[in-house]
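Understanding the architecture of this molecule
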Amino acid sequence: MTEKTPHKSGFVNIIGNPNVGKSTLMNNLVGERISIITSKSQTTRHRIKGIVNGDDFQIVYSDTPGVLKPNYKLQESMMKFSTSALVDADIILYVTDVIETIDKNAEFLKKVQNATVPVLLILNKIDLTDQDKLTKLYDIWKEKIPQAEIFPMSAKENFNVENLFNRILELLPEGPAYFAKDEVTDMPARFFVTEIIREKILMNYDKEVPYSVEVAVEEYKDEPKIIRIMTVIYVERASQKGIIIGHKGFALKKVGTDARKDMEAFFGKKVFLQLYVKVAKDWRSKDSELKGFGYQK
């Protein structure tokens, strides 16, 4: 009689500074497009879980907002998501890259140095450097976080991701599945609607405008052949409303068209999408607004 393989499960939390490739890594590890990816910092605002299941394991990944010094209440809430990821992790993936300054956000780095769970340090974007510089960076990081295992990687090129996945599997503690085995995320469909629209806004508009935007789903009807969605894009000022809509509504129409295509690919179904724009004055600095958008409890 063969002995049954024990079931392993755990929470693997991905943390690091903005723009180091956390969301790209998360999507590669999960095998699904869970987190939105743009070249702009502060793309991820929430803590997003992606779940990978096997017969004898379940890995619950968390993508978190980039670590920063908060300038307004929205960023304070984002930092709470990042800090909480240090507390409830079974394994920490600390993502850095070959470009950023080593001592950036030294206070947060100190918390990583003091972690009592395994730390896997991801030295990302190695395709942007040479072997000598990479070796020096490796040695510096080994001195900074001696207990960390270092994985040189290019998440964008999917290089060394499989080795990282296998090591995570080895380090996972034994335990039951925390979610149903057919789930790939704990976020509802409405959340991905707002994230897809926000991604298109980040890609289509410049400067401060994308960071002043929040998206809310007012109506979501999943019918047999089509999903009907009505959403509101909130901005902080009336002038931003005009920029989002654009001349004769062309800018908003492009966001809607791009978002609808991605939603149809994501949901595997036809989507009818309506977009409206409203002003919620200074919403990023108001507790009541942040609570309504799900950033505070």
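This one's a predicted model, so the numbers in the text were calculated from it and none came from an experiment. (Residues numbered from 1 in each chain as written. Predicted model: local features only at pLDDT ≥ 70, side-chain atom pairs only at ≥ 80, totals over all residues. Heavy atoms only, no water.)

Topic: the overall build of the protein
- Looking only at helices and strands, the protein has nine helices and nine strands in total.
- Classification of the 297 residues of the protein by burial places 50% in the buried group.
- If you take every contact in the protein between residues at least 6 apart in sequence, the share linking residues at least 24 apart comes to 72%.
- Carbon and sulfur atoms form 52% of the exposed surface of the protein, whose accessible area is close to 14,800 Å². (Helix = DSSP H or I, 4+ residues; strand = E, 2+ residues; numbered from the N terminus. Buried < 20%, exposed > 50% of the residue type's maximum accessible area, 1.4 Å probe, protein only. Contact = heavy atoms within 4.5 Å. Areas by Shrake-Rupley, 256 points an atom, 1.4 Å probe, with all protein chains shown as cover.)

Side note on the pattern of salt bridges
- For the structure shown, the criterion picks out 10 salt bridges.
- Linking lysine 200 and glutamate 199 is a salt bridge whose minimum nitrogen-to-oxygen distance equals 3.3 Å.
- For glutamate 199, a relative accessible area of 3% gives the class buried.
- Between aspartate 258 and lysine 254 there is a salt bridge whose closest N-O contact spans 2.8 Å. Of this pair, aspartate 258 and lysine 254 both sit in helix α8 (residues 250-267), four residues apart, which is roughly one turn of the helix.
- Within this structure, Glu149, Arg167 and Glu170 form a network of salt bridges that share partners. (Salt bridge = Lys/Arg side-chain N within 4 Å of Asp/Glu carboxyl O.)

Overview of the environment of glutamate 149
- Mapped onto the secondary structure, glutamate 149 falls in strand β6 (residues 149-152).
- The exposure class of glutamate 149 is partly exposed, given its relative accessible area of 28%.
- For the pair glutamate 149 and proline 118, spaced 31 residues apart in the sequence, the C-alpha separation amounts to 8.3 Å.
- Contact partners of glutamate 149, with chain neighbours within four places excluded, come to Val119, Leu120, Leu121, Arg167 and Leu171.
- There is a polar contact of 2.8 Å between the side chain of glutamate 149 and the side chain of arginine 167. (Polar contact = N/O pair within 3.5 Å; in protein donor to acceptor, adjacent residues only side chain to side chain.)

Description of the side chain of serine 212
- Locating serine 212 in the fold gives a position in the loop between α6 (189-204) and β7 (214-222).
- A polar side-chain atom of serine 212 sits 3.2 Å from a polar atom in the side chain of glutamine 240.

Concerning the packing of aromatic side chains
- Per the counting criterion, the structure on display carries seven aromatic pairs.
- Between phenylalanine 191 and phenylalanine 192 the ring centres are 5.4 Å apart and the planes differ by 85°, which places this aromatic pair in the edge-to-face class. Of the two residues examined, phenylalanine 191 and phenylalanine 192, each falls in the buried class.
- Within the aromatic cluster, the residues linked to one another by ring pairs are Phe191, Phe192, Tyr220, Phe266 and Phe267. (Phe/Tyr/Trp six-rings, centres within 6.5 Å; stacked < 30°, edge-to-face > 60°.)

Observations concerning the packing of α6 against α8
- Direction vectors running N to C along α6 and α8 enclose 140°, while the axes themselves pass 9 Å from each other. The pairing of α6 with α8 is recorded here as oblique in orientation. Handedness of the crossing formed by α6 with α8: right-handed. When α6 is examined against α8, the residues Ala189, Phe192, Val193, Ile196, Ile197, Glu199, Lys200, Ile201 and Asn204 are found in contact with a partner set consisting of Lys254, Val255, Asp258, Ala259, Asp262, Met263, Phe266 and Phe267.
- The residue inventory of the contact of α6 with α8, partitioned by class, reads 11 nonpolar, one polar and five charged. (Axes fitted to C-alpha atoms, helices over the stretch in contact; angles between N-to-C directions. Parallel < 35°, antiparallel > 145°, perpendicular 65-115°, else oblique. Left-handed = near helix turned anticlockwise from the far one by under 90°. Nonpolar A, V, L, I, M, F, W, Y, C, P; charged D, E, K, R; others polar.)

Quick notes on the sheet that holds strand β3 (residues 57-63)
- On the basis of which strands lie adjacent, the open sheet formed by six strands has the order β2-β3-β1-β4-β5-β6 and mixed pairing. Looking at which strands have only one partner, the edges of the open sheet turn out to be β2 (48-54) and β6. Each adjacent strand pair in this sheet contributes to an overall mean axis angle of 20°, direction not counted.
- Direction of pairing for β2 relative to β3: antiparallel, over a ladder of seven bridges. When the sheet's bridge partners are listed, lysine 49 is paired in β3 with serine 62. (Pairing = 2+ DSSP bridges.)

Details of the side chain of aspartate 97
- Tracing the sequence through the fold places aspartate 97 in strand β4 (residues 91-97).
- A distance of 3.3 Å separates a polar atom in the side chain of aspartate 97 from a polar atom in the side chain of lysine 125.
- Residues in contact with aspartate 97, not counting those within four places in the same chain, are Asn19, Val20, Leu123, Asn124 and Lys125.

Concerning the sheet that holds strand β9 (residues 270-279)
- Read across the sheet, three strands follow the order β7-β8-β9 without closing on themselves; strand pairing throughout is mixed. This sheet does not close on itself; its edge strands, each paired only once, are β7 and β9. When strand polarity is set aside, the average angle formed by the axes of neighbouring strands in this sheet is 15°.
- The pairing of strand β8 (residues 226-235) with β9 spans 10 bridges and is parallel. By the bridge assignment, isoleucine 233 is partnered in β9 with valine 277.
- Running at roughly 135° to β7, α6 makes contact with β7, β8 and β9 of the sheet.

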